[in-house]
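Summary of structural features
The lines below spell out each chain.
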Amino acid sequence: MELVRRAARACGGKAVTFYAPLVLPDAATASTLRLQPGIAEALALCDDLSVAVIAVGQWEPRSSTVYDYLPEAEAFSRRGAVAESCGLLFDADGAVIPDGLQERLVAVTESQLRQTDHVVALATEPERGHAIRALSRSGLLTALVTHRHVAERLLANG
């Protein structure tokens, strides 16, 4: 959190944070949390994002922020999930999987990300190539920050 605050200050911006789980067990609980004043205010600010920095998760154990915590993770794999970011699941073509998980999120929405001028993905693990490609195909990203060897591997594999 301190890194986010420092980056925001360095850019002349303001960091707004809240504490809540990314994915809740059910939509009703998520809805209740999203209505809490501090959380609601922070999420409303996502309507006016100019830059979003997001992580790229590969949809497999220990490679996603949510995979290991969802009892239905394998079911999403069978439905084609290969990548995850901000709790959104993506198939290999970059389409968001309409799975009901969105209703259980306390996070920026797909719609808010699509309205954001610059969406920067962070991905440093070479084994996440499939996930990086999926997010690249999604139309959400404007930039990718990665290591040289990851970029070379992505370019070599088309």
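In this report, we go over the structure that sits alongside the text. Owing to the predicted nature of the structure, the values given are computational and were not obtained by experimental measurement.

**Points about the layout of surface pockets**
- Approximately 1600 Å³ is the volume attributed to the largest pocket.
- Lining of the largest pocket is provided by 39 residues; of these, Val 4, Val 16, Val 51, Ala 52 and Val 53 occupy positions nearest its centre.
- Breaking the lining of the largest pocket down by element, the ones donating at least two residues are helix H1 (2-10), helix H3 (37-45), strand S1 (51-55) and strand S3 (83-85).
- Per element, the largest residue contribution to the lining of the largest pocket is five residues, and it comes from S1.

**A short note on the packing of aromatic side chains**
- The tally for this structure, following the rule as stated, stands at two aromatic pairs.
- Considering the side-chain rings of Trp 59 and Tyr 67, the 4.8 Å spacing of their centres and the 70 degrees angle between planes classify their relative orientation as edge-to-face. Tyr 67 shares its class with Trp 59; the two are buried.

**Digging into the sheet that holds strand S4 (residues 88-90)**
- Spatially, three strands are ordered S2-S3-S4 in an open sheet, and the strand pairing comes out antiparallel. The open sheet terminates on both sides in strands that have one partner only, identified here as strand S2 (57-58) and S4.

**Remarks on the sheet that holds strand S5 (residues 118-122)**
- An order of S1-S5-S6 is seen for the three strands of this open sheet, with the pairing classed as parallel. With partners counted over all chains shown, the strands left at the sheet margins are S1 and strand S6 (143-145), one partner each. Across the sheet, the mean angle from the axis of one strand to that of its neighbour is 25 degrees, orientation sign disregarded.
- Relative to S5, S1 runs parallel, the two being bridged by five bridges. Its bridge partner being in S5, Val 53 is matched across the sheet by Val 120.

**Some words on the environment of Arg 34**
- Mapped onto the secondary structure, Arg 34 falls in helix H2 (residues 27-34).
- Its relative accessible area of 27% is what places Arg 34 among the partly exposed residues.
- In this structure, Arg 34 is in contact with Ile 39, Ala 40, Leu 43, Gln 102, Glu 103, Arg 104, Leu 105 and Val 106, ignoring residues within four places of it in sequence.
- At a separation of 3.4 Å, a polar atom in the side chain of Arg 34 contacts the main-chain carbonyl oxygen of Glu 103.

**Concerning the nonpolar core**
- Counting 35 residues, the largest nonpolar core has Ile 54, Val 56, Trp 59, Leu 70, Leu 89, Phe 90 and Leu 113 as its most contacted members.
- Listing elements by their share of this core, those giving two or more residues are S1, helix H4 (73-78), S4, S5, helix H6 (129-137) and helix H7 (148-156).
- Residue contributions to this core peak at four residues, all from H6.
- Not counting the four nearest positions on each side in its chain, Leu 89 is found in contact with Trp 59, Phe 76, Ala 81, Ala 83, Glu 84, Ala 95, Val 96, Ile 97, Asp 99 and Leu 101.
- Core analysis: the next-biggest nonpolar cluster, separate from the first, contains five residues, Leu 24, Ala 30, Leu 43 and Val 106 among them.

**Focus on the side chain of Ser 63**
- Note on placement: Ser 63 falls in the loop between S2 and H4.
- In contact with Ser 63, not counting residues within four places along its chain, are Gly 57, Gln 58 and Arg 128.

**Considerations on the pattern of salt bridges**
- For the coordinates displayed, the defined rule picks out seven salt bridges.
- For Glu 110, the salt bridge is made with Arg 114, and the minimal N-O distance between the two is 2.9 Å. Of the two residues, Glu 110 and Arg 114 are both situated in helix H5 (residues 110-115); the distance of four residues between them amounts to about one turn of the helix.
- In this structure Glu 110 comes out as partly exposed when scored by relative accessible area, which is 26%.
- Across the pair Glu 152 and Arg 148 runs a salt bridge, and its minimum N-O distance is 2.7 Å. Within this pair, Glu 152 and its partner Arg 148 are both found in helix H7, separated by four residues, close to a single helical turn.
- Taken together, the shared-partner salt bridges connect Glu 2, Arg 5, Arg 6 and Arg 9 into one network.

About the cut-offs
- Residues numbered from 1 in each chain as written.
- Predicted model: local features only at pLDDT ≥ 70, side-chain atom pairs only at ≥ 80, totals over all residues.
- Heavy atoms only, no water.
- 1 Å grid on protein atoms, 1.4 Å probe; cavity = no way out; pocket = protein on both sides within 12 Å on 5 of 7 lines; lining within 4 Å.
- Points joined across faces, edges and corners; volume = space filled by probe spheres on them.
- Helix = DSSP H or I, 4+ residues; strand = E, 2+ residues; numbered from the N terminus.
- Phe/Tyr/Trp six-rings, centres within 6.5 Å; stacked < 30°, edge-to-face > 60°.
- Buried < 20%, exposed > 50% of the residue type's maximum accessible area, 1.4 Å probe, protein only.
- Pairing = 2+ DSSP bridges.
- Axes fitted to C-alpha atoms, helices over the stretch in contact; angles between N-to-C directions.
- Contact = heavy atoms within 4.5 Å.
- Polar contact = N/O pair within 3.5 Å; in protein donor to acceptor, adjacent residues only side chain to side chain.
- Core = buried A, V, L, I, M, F, W, Y, C linked by side-chain atoms within 4.5 Å.
- Salt bridge = Lys/Arg side-chain N within 4 Å of Asp/Glu carboxyl O.

Worth remembering: the numbers are spatial, not functional.
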